[in-house]
Amino acid sequence: MKPLILALLLLAGPALAQQHQHAAPAVECASLALSCATATTPAFDRAGRLWLAYSAGGRVMVTRSDDLGRTTIPPVAVSPEAAAVDDNGEARPKIVPTRAGHLLVAWTIRRDRAYNGTQLLAHSLDDGRSFSAPRRMVLEETPTSQRFESFAEAPDGRIWAVWLDKRRAPTERAAGNRGYTAGLAVAFSDNGGMTFQQSRLANDNTCECCRIGLAFDQRANPVLAWRQVFGRNFRDHAAGRLRRDGTLEAVHRIAQDNWAIDACPHHGPAMAVDASGRWHSAWYSGGGDHQGLFYAASADEGRHFGTPRRLGNPARQPGHPQLLAMGERLLLIWQEFDGERMRVMAETSTDGGAHWSAARELAATADAADQPQLVSNGRDAFLSWQTRLEGWRLLPVPLGGGA
Amino acid sequence: MIRAVLLALLLALPAQAAELAPFGRGSFAALKAEAAGAPLVVHFWALSCAPCLAELPGWARLARAHPGMRLVLVNTDPPEAEPQVKRMLDRMGVARLRNLAFADRFAVRLRFEVDPAWQGELPRTDLVGADGATRGVLGMLHRPELERWLKAQSGS
């Protein structure tokens, strides 16, 4: 045991030195190390090991921590060469450790000046020691643009992918519809992500640059939240559940914010489903009838959402929320910025969202930061956060209440 | 008045085509201070923003139509995007306008200096009046709206 600790200390030495270098002014990070990551996405496997997919230097990398974030193993490159990886916070590489014990990594490459995206997928069958060559996640006859994928394994083992898709844009443009945005596409895999069924558009006229919130209900059906273009140009939020065939049961408007804007908000919603089947969502609206960050829940599977509750300090740009449900316990986080420091704020509920704690600060940084991520090993909840000064960190977040 | 217009013209002339000056901490305040007494239009855009790219060529036409208007384009992409940004400015015919680019990866802090409520939505245009009063417009700026503002400025 002692030699192991010594080895870990030795390995940690250079990492610490590197962090001090980061505190020095404006030395650009050029290595493929986790400390240089732009966007880092966590996922626990069934053995309680934490996998991280991240982008650095145009590459997609994977590493793992077996001790809840204290140390990480040397990273392995998933993408063979540097490329324009979509890693702007809303878009990020993702990793799914499957129940079969394999790893799936998905990311998007911006392949041209018009920011058309291609979604790629690679897998590892040897516990992350090596990865397959990247392949297109979904095969379309005439690929246009696929971006902002959300990607997860349902409790029944099916892999679901949802993303924003431009396949109808050429037709719409030809028909003179210059205001056409994008559609919500769905694909799934019943063989652990090795191949995906032909994808379909589940909905049309979505906003084109906001991540999609994805959760699963008790029957393992995906429940989504996304920014939809309602009416002529209201970029408000919708929620809906997918059927087994990938079609949407219905589109429910979460709130009437009436934010009309010809712009890319780059600000997508969060979705979680608790053990009682309540849907919880948090989202940002930049104007219209409501400006700010909001939370609302639905007890009837999206048909009605409660009155939106404002989150955070309105003078500190509250935004980019994440939600996590563990039984009846809920964790809701978002980021706030006061002009100098970026903070991760949190509220918790132990009764399915009926009551919430006061907001409290979980972490802060004084330089650039990735959007904060939530991850759970089924027993405890953690904040995973990549920041320029501190590198990557994992913080346990006590939820209170019984398990 | 003529002298002011001439001065504005001189200041608006770019030193070189497709030059990308840094937009860092204090840059927005500096632009406003430098423009004191003349209306200033600061337009923020990024490569990833489709409405921005649709709008970009229009700024060259607008600058020609209003030679007295001080116009600054600010790109908000990360620093490593500089070659693509320069190519896009060339392609859109706006390389000869005054172009700046975010020079700090801590973009949220730069945005906060422009407007504490700005969460990064693009495109965004800030209209700075002769009296320093600033109005931020999110989304595409429709030309009649800008023309009305410019007319009000010249009347004040």
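Residues numbered from 1 in each chain as written. Chains lettered and ligands numbered in written order. Predicted model: local features only at pLDDT ≥ 70, side-chain atom pairs only at ≥ 80, totals over all residues. Heavy atoms only, no water.

Draft legend 1. Spatial organisation of the state of the cysteines. Overall, the coordinates contain one disulfide over all chains when judged by the stated rule. Across the disulfide, Cys49(B) is cross-linked to Cys52(B) (sulfur-sulfur distance 2.2 Å). Taking the sign of the torsion about the S-S bond as the criterion, the disulfide between Cys49(B) and Cys52(B), at about 85 degrees, is right-handed. In this structure, Cys49(B) and Cys52(B) share a single accessibility class: buried. You can see Cys207(A) has no disulfide; the closest cysteine sulfur is in Cys210(A), sitting 4.4 Å from it. A residue is classified by how much of its surface remains accessible, and Cys207(A), at 1% relative accessible area, is buried. (Disulfide = S-S within 2.5 Å. Buried < 20%, exposed > 50% of the residue type's maximum accessible area, 1.4 Å probe, protein only.)

Draft legend 2. Seen up close, the pattern of salt bridges. For the coordinates displayed, the defined rule picks out 41 salt bridges over all chains. In this structure, Arg147(A) and Asp86(A) form a salt bridge, with 2.8 Å as the shortest nitrogen-oxygen distance. Placement of Arg147(A) in strand S9 (residues 146–153) and of Asp86(A) in the loop between strand S4 (76–77) and strand S5 (94–97) is noted, with a sequence separation of 61 residues between them. With a relative accessible area of 2%, Asp86(A) lands in the buried category. Among the ionic pairs, Arg109(B) bridges to Asp104(B), the shortest N-O distance being 3.4 Å. Salt bridges sharing partners connect three or more residues here, namely Asp45(A), Arg49(A), Arg64(A), Asp66(A) and Asp127(A). (Salt bridge = Lys/Arg side-chain N within 4 Å of Asp/Glu carboxyl O. Helix = DSSP H or I, 4+ residues; strand = E, 2+ residues; numbered from the N terminus.)

Draft legend 3. Layout of helix H4 (residues 82–91) of chain B. All names here are of chain B. When H4 is considered as a whole, its buried residues turn out to be Val85, Met88 and Leu89. Seen from one end, H4 has its buried residues packed into an arc of 100 degrees, which puts them on one side. In the core, the buried residues of H4 are packed alongside strand S1 (20–23), strand S2 (40–45), helix H3 (50–65), strand S3 (70–75) and strand S4 (98–102). (Arc of directions from axis to C-beta. Contact = heavy atoms within 4.5 Å.)

Draft legend 4. View of the interface of chain B and chain A. Taken together, the contacts link 29 residues of chain B with 27 residues of chain A. Summed over both partners, the interface of chain B with chain A buries about 2,300 Å², with 54% contributed by carbon and sulfur atoms. Area buried by chain B at its contact with chain A is led by Phe106(B), Phe112(B) and Gln119(B), which between them contribute 27% of it. On the surface where chain B and chain A come into contact, there are two salt bridges. A salt bridge links Arg25(B) to Glu340(A); the shortest N-O distance between them is 2.7 Å. If you list the elements that add at least two residues to the side of chain B that touches chain A, you get H3, H4 and helix H5 (107–114) of chain B. Here the residues of the side of chain B that touches chain A are counted per class, giving 16 nonpolar, five polar and eight charged. (Buried area = accessible area lost by both parts, 1.4 Å probe. Nonpolar A, V, L, I, M, F, W, Y, C, P; charged D, E, K, R; others polar.)

Draft legend 5. The packing of aromatic side chains, seen in detail. Residues and elements named next belong to chain B. Counted by the stated rule, this structure contains twelve aromatic pairs over all chains. Aromatic side chains Phe44 and Trp118 sit 4.9 Å apart centroid to centroid with 55 degrees between the ring planes, which places their arrangement in the tilted category. Separated by 74 residues along the polypeptide, Phe44 in strand S2 and Trp118 in the loop between H5 and strand S5 (124–128) bring together distant segments of the chain. Phe44 sits in the buried class, given a relative accessible area of 0%. Looking at Trp118, the relative accessible area reads 1%, which means it is buried. (Phe/Tyr/Trp six-rings, centres within 6.5 Å; stacked < 30°, edge-to-face > 60°.)

Draft legend 6. Just the nonpolar core, in detail. With 71 residues, the main nonpolar core has Phe23(B), Phe44(B), Trp45(B), Leu56(B), Trp59(B), Val94(B) and Leu146(B) as its most contacted residues. For this core, the leading source of residues is H3(B), giving six residues. Ignoring any residue separated from it by four or fewer positions in sequence, one finds Trp59(B) in contact with Val41(B), His43(B), Leu71(B), Leu73(B), Val94(B), Leu97(B), Thr125(B), Leu141(B) and Leu146(B). Counting 20 residues, the second largest nonpolar core, distinct from the first, contains Leu324(A), Phe337(A), Ala368(A) and Trp385(A). (Core = buried A, V, L, I, M, F, W, Y, C linked by side-chain atoms within 4.5 Å.)

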